Amino acid sequence: MLKGEPSSNITMRLLKMSLPVAFSAYIRSGLLTLENILIPKGLIKGGAESDVALSSYGTISGMVFPVIFFPLAFLSAFSSLVIPEITRYKEEGEKKHIDYVTRRIFKLTLIFSVAISGLFIFYSDALGMLLYDSREAGFYIKIFAALIPVMYLDNSIDAVLKRMGEQIYSMRYNIIDAFVSVILVYFLLPPLGIKGYVIVVYVCELINAALSMQRLFKILTFKVNIFFDVCAPVLSIVGATGLCNFLFHFFKINYSFAASACICGVCVCLILYYVFLRITYCVTDEDEKWFIGIFKRDKKV
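Below, the structure is looked at part by part. Note on numbering: residues in each chain are counted from 1, in written sequence order. In keeping with the predicted nature of the model, local features appear solely for residues at pLDDT of at least 70, side-chain atom pairs appear and are counted solely at 80 or more, and the whole-chain, interface and lining totals rest on all residues. Neither water nor hydrogens contribute to the side-chain values; these are computed over all heavy atoms in the structure.

What to know about the packing of aromatic side chains
The following threshold applies: Stacked, tilted and edge-to-face are the three classes assigned to paired rings of Phe, Tyr and Trp, where Trp is represented by its six-membered ring and a pair needs centres within 6.5 Å; plane angles under 30 degrees give stacked, over 60 edge-to-face, the rest tilted. In DSSP terms, a helix is any run of H or I states spanning at least four residues, a strand is any run of E spanning at least two, and both are numbered starting from the N terminus. For every residue, the accessible area obtained with a 1.4 Å probe (protein chains only) is divided by the maximum for its type, and the residue is called buried under 20%, exposed over 50%, and partly exposed between those limits.
Evaluation of the coordinates by the stated rule reveals 17 aromatic pairs. Between the aromatic rings of Phe78 and Trp290, the centroid separation amounts to 6.3 Å while the plane-to-plane angle is 80°, which identifies the pairing as edge-to-face. One end of the pair, Phe78, is in helix H3 (residues 72–82); the other, Trp290, is in helix H13 (residues 285–300), with 212 residues separating them in the sequence. For the pair Phe78 and Trp290, a shared accessibility class is recorded, and that class is buried. Taking the centre distance of 5.1 Å and the plane angle of 85° together, the rings of Tyr186 and Phe187 count as edge-to-face. Overall, Phe187 belongs to the exposed group, its relative accessible area being 54%.

What follows is the structure, given as structure tokens:
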């Protein structure tokens, strides 16, 4: 009996953690399936032809979203090097270290996502033509690019919450997000068409991010500096893309139809972005040392 008690306790703990998560995942999957069924039906009810409705939705889901979420893979790969430290610090009771690492992740995510958002807005027409030969795809890339900082930040916060043992809250917010999405799709798509779907995506992403952020700030005590963490990256990417646009027009480079010019423009924008980040003190020597140190620690391991 004594030998069996620890095993029994572990089993019960695993069941208490895994069953609610699994149950929540099933509910969310069902809601997402229902949403995917309602979207084309809602577009057709709005008076649009079936082919046109499916084409508009297909452009967004099949062309635009893969482009929007592709850079997130790089951020997730880097976060995978840092986020495990949160679990270790949580087990050791080092709350200050958890706050420090989370603050760094929060700041890095904003710097990265704001850059991607600005580049996608600036090069939306070029991306649409180069990747899909579609101006419509470029238009929707620009529309959803403005939401990238919210999407990426929500993803990073969700990963932190799960490392903090907040899986239940994370899944609860995802269910709320899916439920609200189904309701909005049902009521907004018939009268508004594809514009209604854009509104649905924006509203649901903002709700999910707000709930996750509220939970993160409740369990941790780190603070966000609005100017250095939010305003500085936005001003830096606006300045970088604006200056790059001026240079392109000055040298009469048509970046909309030349892949090489587009790649060159992205590189120039990123260099200018880094310069502006340093000028505004959004990125400091300490930030760079921490960033480089992540790879050194991983290499030693």
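Considering the environment of Thr102
Tracing the backbone through its elements, the reader meets Thr102 in helix H5 (residues 95–122). Considered as a pair, Thr102 and Phe222 are 120 residues apart in the sequence and their alpha carbons are 7.9 Å apart.

A closer look at empty space enclosed by the protein
Note the cut-off: Cavity and pocket criteria rest on a 1 Å grid covering protein atoms alone: a 1.4 Å probe that fits but cannot get out defines a cavity, protein on both sides within 12 Å along at least 5 of 7 lines defines an open pocket, and an atom within 4 Å of a point defines a lining residue. Grid points are joined across faces, edges and corners, and a volume is the space filled by probe spheres set on the points. Residues are grouped as follows: Ala, Val, Leu, Ile, Met, Phe, Trp, Tyr, Cys and Pro are nonpolar; Asp, Glu, Lys and Arg are charged; all remaining types, including Gly, are polar.
The final tally for this structure, using the stated rule, is 1 cavity of 30 Å³ or more. Its boundaries defined by the atoms lining it, the largest cavity holds a volume of some 30 Å³. Lining the largest cavity we find Thr102, Ile105, Phe106, Ser156, Ile157, Val160 and Leu216. Counting residues per element, the ones that place at least two in the lining of the largest cavity are H5 and helix H8 (148–163). In the lining of the largest cavity, the residues fall into 5 nonpolar, 2 polar and no charged.

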